[in-house]
Amino acid sequence: MLHHLKACRHIYRSIRWVSTDKKAHSFQHTLNLPKTTFPTRSSLDKCLKELIPQCSDTTYKKQLNQFISEIEKLRDPKEKFEFCKDKLFVLHDGPPYANGDLHLGHALNKILKDIINRYYLLEKSQYIFYKPGWDCHGLPIELKALDKLPEKMSNSLKDPIKIRSIAAKHADDTRKTQMEQFKEFAIMTDWNDPYITMSKDYEIDQLLIFKTFFNKGFIKRRNKPVYWGTVTRTALAESELEYNENHVSKAIYVKFPLTKLSTQTILKSIFDTPSQMLDKIKTIKCMIWTTTPWTLFSNRAICFNESFKYCLVHDNSANDYLIIAKDTLNTIPIDDSEWSILETFDGKHLNNLYYCNPLLENDKEYPLLPGLHVTNTTGTGLVHTAPGHGADDYLVGFKNNLEIFSAVDSYGNYDLNQFHNPQLKQFLADPLDTSKGRNVLDEETVNVIINRLFELKMLFSQSDYKHSYPYDWRSKRPVIIRSTPQWFINLTDLKDTAYDVVHKTNFIPQRGRHRLEAFIKNRNEWCISRQRVWGVPIPYFQHKDDPSIVLMNDKIISHIIQKFKIEGNTNSWFVSEEGEDIKKWLPEDYQHLASQYVKGKDTMDVWFDSGTSWCVIRNFYKNTLRLDNIPLPMSNIYLEGTDQHRGWFQSSLLTYIAANLGDMKPVAPFRTIVTHGFF
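If you're wondering where the values come from, they're calculated on a predicted model, not measured in any experiment.

**A look at the overall build of the protein chain**
- Scanning the protein chain from terminus to terminus reveals 18 helices and 28 strands.
- In terms of its C-alpha atoms, the protein chain occupies a principal-axis envelope of roughly 125 × 90 × 55 Å.
- For the protein chain, the residues scored as buried account for 51% of the 679 residues in total.
- Across the protein chain, every contact between residues at least 6 apart in sequence was considered, and the portion connecting residues at least 24 apart equals 77%.
- Accessible surface computed for the protein chain: about 34,300 Å², of which carbon and sulfur atoms make up 51%.
- Each charge class in the protein chain can be summarised by its mean position, and for the 87 positive and 81 negative side chains these summaries are 7 Å apart.

Encoded structure:
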């Protein structure tokens, strides 16, 4: 058998190489092959120039034009509504940011959307509306614009119009580059008809939505603590934070002395026979625990919990008498042999007591105040309260008419102008440049403060403390909480409605529902103002002499929007008119106030920009299809990465519900949310 196989192989080789008649020994002529005009080899150039447009742009336009033609034949509004409801599939595009080239994440996102759109077109026989979008405002693009300005140019000389011009060009150039790259993915859409958040029409729609919010009472301006990026120098919303689980702070225990009168008052109230104690104890100190020593200069109260038990403790090593919550005693770093508990008493005995803050080098007395936010799981059960640097602190301060004091500037440096004591100014001044204050996030600043506390006999102990801490997701640097005048959307009346709406929404995968619900449940306010120039302006005026006085109402907002429509964009708002003559921006019956006010300089949060993109779908129904009654939800699917539960999904939901609250039954702008992971 083997030698037969070898012989056959030898004969085959002979025929193959010796024969000159290739056709006689070819099998091709014996096969029934199809005849085609397609080339035998693929051509990448031909694919890019002919085949991709045929199966993407041309296909999309053809089917959408057919849908519009079909609906135009219908005269009955009810028939139009039912036809749209049954035959139209809307996938709303979350706008990618116009900064940098595309990456694999963009490909994953757009191709998943394309698969879904093609499935509904081919398999479900539905028409598709899918308008691509771009998010064009925001800090990263503004920083690119600032990089193109002369390095030595001071902030006061940086022309906002110049910055906006460079930023707009950068965003537009990037958008065009991204669009050409997207085209190579063969995405089925009309790339010549996108929505762009910096376009005139989009900005006008956004401002009209803002006006609706204002008229419904959702928008307020308050001097309130907000998350602040000291590198980006702007307020931040919670959605712009990321938490570093390994952040290390300097944790310190600090002793604040009660006034002489309050020391006597507490001794008389907790001892049956206080006379001996009055002779023995001259000063009692309240001990607090904090991980932000730099905020001690803004301390305006100490909070306690009336339901807790507190102890008067003698620290034998320092001969100090301290008030500490009973449940926290075992967490304080001191040997038990050095403690002596003299008395245990109810928290209510701390009411109406006052203490001093030796750090401030003044004679002022500050109150001890009850607060339900005080816990006994960490610290001492006594909470250092700085109303200008914390959410709970602010609420206590607002309720008790405390000073909302924050002496930290936009760079995170102490603002020396806020301090009137010359010695304190000198202490807080930057040793390398005494015209400015020390930076509060600088480790050396913390060390200097701790040394000062030691000199004043206020320091009990210090240690490193690793914990979760918020960082600015752009600069990747720690943020601070700082009180500044900002514009807020009050979410109190929206949270429950939004929560109910989310519960009726489909999620793929299902765990997305819990993520979005958690983000909504944990938000009470949305800070929408940013201290930048590249964005949509907030249309308000502030008094020249007192910036806390603001001029804004429906008539003024409408007048400003009309001016933007005439001038073609919002750039003119940032022009500094000579002497700030703002008459043209005010309705006639307000122009007599022009000399007293200046234009506000805040812009809107980019999440408010992109969050109002549902108006693109609304405009398609109303303006293109001429529908007054729109099928709800307006979009079948929102599809983005899992990070958008805290971002675009949330801002879209909140803006849509708030804008339409009272006008229709609460509903989400989407029927289904699909999320994917990351490369």
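**Focus: the pairing of strand S14 (residues 366–370)**
- With four of five residues buried, S14 lies mostly within the body of the structure.
- Both strand S9 (residues 301–304) and S14 contribute to a ladder of three bridges, which runs parallel. Bridge assignment links Ile302 to a residue of S14, and that residue is Leu368.
- Relative to S14, strand S13 (residues 354–355) runs antiparallel, the two sharing two bridges. Within S14, the residue paired with Tyr354 across the bridge is Pro367.

**Details of the nonpolar core**
- Core analysis: the biggest nonpolar cluster contains 108 residues, and Phe541, Tyr621 and Leu625 have the highest contact counts within it.
- For this core, the leading source of residues is helix H18 (residues 648–660), giving eight residues.
- Counting residues in hydrophobic clusters, the runner-up holds 61 residues, among them Leu258, Phe304, Val396 and Phe488.

**Let's talk about the confidence of the model for the protein chain**
- With 95% of its residues at a pLDDT of 70 or more, the protein chain has an overall mean of 88.
- Least confident of the elements in the protein chain is helix H1 (residues 2–18), whose mean pLDDT is 47; most confident is strand S1 (residues 88–92), at 97.
- Ignoring residues within four places in sequence, the model shows residues 1–8, a span with pLDDT below 50, making zero contacts including any to other chains.
- This model gives residues 14–19 a pLDDT under 50, and the stretch forms three contacts once residues within four places in sequence are excluded.

**A short note on the packing of helix H7 (residues 200–215) against H18**
- The interhelical angle for the contact between H7 and H18, taken along N-to-C directions, is 60 degrees, at an axis separation of 9 Å. Taken together, H7 and H18 sit at an angle that is classed as oblique. By crossing handedness, the relation of H7 to H18 is classed as left-handed. Packed against H7, whose contacting residues are Ile209, Thr212 and Phe213, the element H18 presents Leu654, Thr655, Ala658 and Ala659 at the interface.

**Description of the packing of helix H14 (residues 511–521) against H18**
- Running from amino to carboxyl end, H14 crosses H18 at an angle of 60 degrees, the nearest separation of the two axes being 10 Å. Classed by the angle they form, the pair H14 and H18 counts as oblique. As H14 runs across H18, the sense of the crossing is right-handed. Every residue of H18 that contacts H14 at Leu516, Phe519 and Ile520 is listed here: Phe649, Gln650 and Leu653.
- When its residues are assigned to classes, the contact of H14 with H18 shows five nonpolar, one polar and no charged.

**Quick notes on the environment of Gly371**
- Among the secondary structure elements, Gly371 is positioned in the loop between S14 and strand S15 (383–385).
- A relative accessible area of 10% places Gly371 in the buried class.
- Those residues in contact with Gly371 that sit more than four places away from it in its chain are Phe304 and Asn305.

**As for the sheet that holds S9**
- Spatial ordering of the open sheet is given by S13-S14-S9-S15, a layout of four strands whose pairing is mixed. The open sheet is flanked by S13 and S15, the only strands paired with a single partner.

**Side note on the sheet that holds strand S19 (residues 480–490)**
- Here four strands make up an open sheet; going across it, the order is S6-S5-S19-S21 and the pairing antiparallel. With one partner strand each, in any of the chains shown, strand S6 (234–236) and strand S21 (525–527) form the two edges of the open sheet. Neighbour-to-neighbour, the strand axes of this sheet turn through a mean angle of 65 degrees, independent of strand direction.
- The pairing of S19 with S21 spans three bridges and is classified as antiparallel. Within the sheet, the bridge partner assigned to Asn490 lies in S21 and is Glu525.

**Considerations on the pairing of S1**
- Of all the five residues making up S1, five are buried; the element is thus mostly covered by neighbouring parts of the structure.
- The two faces of S1 match: Leu88, Val90 and His92 on one face and Phe89 and Leu91 on the other face are all buried.
- Where S1 meets strand S2 (residues 127–129), three bridges bridge the pair, whose relative direction is parallel. Each bridged residue has a counterpart across the sheet, and for Leu88 the counterpart in S2 is Tyr127.
- You can see the chain leave S1, run along helix H4 (residues 104–122) and come back into S2, and the turn it takes is right-handed.

**Some points on the packing of aromatic side chains**
- A full pass over the atoms with the stated rule returns 38 aromatic pairs.
- The interplanar angle of 75 degrees and the centroid separation of 6.1 Å between the aromatic rings of Tyr253 and Phe460 together place this pair among those described as edge-to-face. Note that Tyr253 is positioned in strand S7 (residues 241–257) and Phe460 in strand S18 (residues 459–472), a separation of 207 residues in sequence. Each member of the pair, Tyr253 as well as Phe460, carries the same accessibility label: buried.
- Plain terms: the ring middles of Phe297 and Phe427 are 6.2 Å apart, the flat faces sit at 45 degrees to each other, and that makes the pair tilted. With Phe297 in the loop between strand S8 (285–290) and S9 and Phe427 in helix H11 (residues 422–428), this pair connects stretches of sequence that are 130 residues apart.

Conventions adopted
- The numbers attached to residues start from 1 for each chain and follow its sequence in the written order.
- Local features in this predicted model are restricted to residues whose pLDDT is 70 or higher, and side-chain atom pairs enter the listing and the counts only when it is 80 or higher, whereas totals over whole chains, interfaces and linings include all residues.
- The side-chain quantities take in all heavy atoms of the structure and omit both hydrogens and water.
- Going along the chain from the N terminus, every DSSP run of H or I of four or more residues is numbered as a helix, and every run of E of two or more is numbered as a strand.
- Only protein chains enter the area calculation, which uses a 1.4 Å probe; residues under 20% of their type maximum are buried, those over 50% are exposed, and those in between are partly exposed.
- When checking whether two residues touch, look at their non-hydrogen atoms; a contact exists if any pair is within 4.5 Å.
- All accessible areas in this document rest on Shrake-Rupley with a 1.4 Å probe, and a residue is counted as covered only by the protein chains that are shown.
- In this charge count, Lys and Arg are treated as positive and Asp and Glu as negative; neither His nor the chain ends contribute.
- Charge positions are represented by NZ for Lys, CZ for Arg, CG for Asp and CD for Glu.
- Paired strands are those between which DSSP finds at least two bridges.
- Among buried residues, the Ala, Val, Leu, Ile, Met, Phe, Trp, Tyr and Cys ones that are joined through side-chain atoms within 4.5 Å form a nonpolar core.
- Predictor confidence is given residue by residue as pLDDT, running from a minimum of 0 to a maximum of 100.
- The angle between two axes is taken between their N-to-C directions and runs from 0 to 180 degrees, where each axis is a line fitted to C-alpha atoms and a helix contributes only its stretch in contact.
- Under this scheme an angle from 65 to 115 degrees is roughly perpendicular, one under 35 degrees roughly parallel, and one over 145 degrees roughly antiparallel; angles in between are oblique.
- Crossing handedness: left-handed means the near helix sits turned counterclockwise from the far one by under a right angle, and right-handed means the same turn made clockwise.
- Each residue gets one of three labels, nonpolar for Ala, Val, Leu, Ile, Met, Phe, Trp, Tyr, Cys and Pro, charged for Asp, Glu, Lys and Arg, and polar for the others, Gly among them.
- For crossovers, right-handed means that the path from the first strand over the helix to the second runs clockwise, given strands pointing away from the viewer.
- When two rings of Phe, Tyr or Trp (its six-membered ring) have centres within 6.5 Å they constitute a pair, described as stacked for plane angles under 30 degrees, edge-to-face for angles over 60, and tilted for the intermediate range.

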